[in-house]
Amino acid sequence: MGAAADTDRILAEVDRAADEMVAFTSDLVRIPTVNPPGDAYDVCAHAIGAELARRRFDVEYIAADGRPEHTPAHPRVNVVGTRRGGPGPVVHLNGHFDVVPAGSGWTVDPFGGVVRDGRIYGRGVCDMKAGIAAALFAVEAIARAGVALPGSVEISGTVDEESGGFAGVAYLAEKGRIAKGRTSAVIIPEPLNVDRICIGHRGVYWFEVTARGRIGHGSMPFLGVSAIDGASRLLQIAREELMPKLAARRTTMPVAPPGACRATLNVNGIEGGQPVDGIQTPCVADLCRIVFDRRFLLEEGFDATRAEVEDLVRRAREAAPGVQFELRDLMVVHPVRTPDDSPLIGALQSSIERVLGRAPSLVASPGTYDHKHIARIAGVPHCVAYGPGELELAHQPDESCRIEDIVNATKVIALATLSLMGVTS
Ligand SMILES: [Zn+2]
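Given the structure is predicted, the values throughout are model-derived calculations rather than measurements.

Asker: Explain the overall build of the chain to me, and be specific about the residues and the numbers.
Answerer: Helices and strands together make up the secondary structure of the chain, namely 10 helices and 16 strands. A compact globule built from 425 residues should have a C-alpha radius of gyration of about 22 Å, and the chain, at 24 Å, falls within 12% of that. Considered along the principal axes of its C-alpha atoms, the chain spans approximately 90 × 40 × 40 Å. Within the chain, the fraction of its 425 residues that count as buried is 54%. Only carbon and sulfur atoms are counted for the fraction: they give 53% of the accessible area of the chain, which is about 17100 Å². Here the chain carries 44 positive and 53 negative side-chain charges, and the mean point of each set is 3 Å from the other.

Here it is in structure tokens:
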């Protein structure tokens, strides 16, 4: 039997499995794994595990013992299925099964798993329960086509990606379950559009600046020192001096949309003085806190990024005498980029061309995803995101995923998995 015939049979098996994939995706959408707080994780892990077991994977459940967020009320349970083939490469397909809250504006039940007009609707359908289904049925189609796996495939369903992934992929990496030497390549079927391969993301630096002034009588504000005035000076300097500098910097990474190729700064929140809803007293605000989200480029690096923020705080001190400013780091995520010559990129490129008949583009994500843990903790350089679903629909009301995309992504993942194991179509 030739490799081309194998490929044709695999693609035909994916087409035949379309209804099963839709049913499995809908079933997962009906489990409201909302994060925060991390509802129904155990139920969802076991639903994925049961499907993996039905497909003759060896299944393990890995609870994030020792993580503070792993509580009896909201257990953090991950699932890993292994389909052992020959002694060749180990390809790991990872999908997070937590979803963000539904929010308002829905015209369908966000947890109904409704199928209509060639799409499945629901919170988390594209981000990324359809991706989990694609991973599972990619491997299943290879088996149904009677094609032997020269290596092994692992499929993991993990928690908490939307809140940083520490009890999910980071935990599996820390425990050596995904690791350099053990894991050859990782595909994360996040919704980046079916003809795009995502090769990484910018860095994230969340920090808090606390401004402290001196309380005084609101009728004689000149006798106090307003922390809010101090904080506004800092914001003004950020807007007038720092932000134009950031906007002028562009990464060579293909971040989509193009606006996110630049370094950016967002104010997540600000809190100062008296609670606006409370009973008011005539007082000068002695405290104001601001939380910032700085996205930095691979080319900038974290040290220079932080030094620039220290400089901003120093400038604010000069501009607001009497106000004390304090800088506190909240979270740092370093940028990651798949090496240009990674065999993973080549395997996906040729598989996408084979399935869709057009060349894919490489993109980088405007936000971050679990890639960082694979690269930084597991030390596996060969990781990309590729999966069904349109990026623009993630986290939106009426989130949906085109069934045709799920089928095509499944085909691509199947062929790429075999290609990584040395089987070319
Ligand atoms: Zn996601």
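Asker: I'd like a description of the state of the cysteines, backed by residues and values.
Answerer: Throughout the structure, instances matching the rule amount to zero disulfides. With no disulfide of its own, C198 lies closest to C383 among cysteine sulfurs, the gap being 9.0 Å. C198 sits in the buried class, given a relative accessible area of 0%. The buried category is assigned to C383, whose relative accessible area is 0%.

Asker: Mind laying out the pattern of salt bridges, listing which residues take part and the relevant values?
Answerer: Per the counting criterion, the structure on display carries 38 salt bridges. In this structure, the salt-bridge partner of R144 is E140, at a minimum N-O distance of 2.9 Å. In this pair, R144 and E140 both sit in helix α4 (residues 125–144), four residues apart, roughly one turn of the helix. Residue classification places R144 among the partly exposed residues on the basis of a relative accessible area of 31%. What emerges from the salt-bridge pattern is a single network uniting E20, E51, R54, R55, R83, E140 and R144.

What counts and what doesn't
Residues numbered from 1 in each chain as written. Predicted model: local features only at pLDDT ≥ 70, side-chain atom pairs only at ≥ 80, totals over all residues. Heavy atoms only, no water. Helix = DSSP H or I, 4+ residues; strand = E, 2+ residues; numbered from the N terminus. Rg over C-alpha atoms; globule rule 2.2 N^0.38 Å. Buried < 20%, exposed > 50% of the residue type's maximum accessible area, 1.4 Å probe, protein only. Areas by Shrake-Rupley, 256 points an atom, 1.4 Å probe, with all protein chains shown as cover. Lys, Arg positive; Asp, Glu negative; His and termini not counted. Charge placed at Lys NZ, Arg CZ, Asp CG, Glu CD. Disulfide = S-S within 2.5 Å. Salt bridge = Lys/Arg side-chain N within 4 Å of Asp/Glu carboxyl O.

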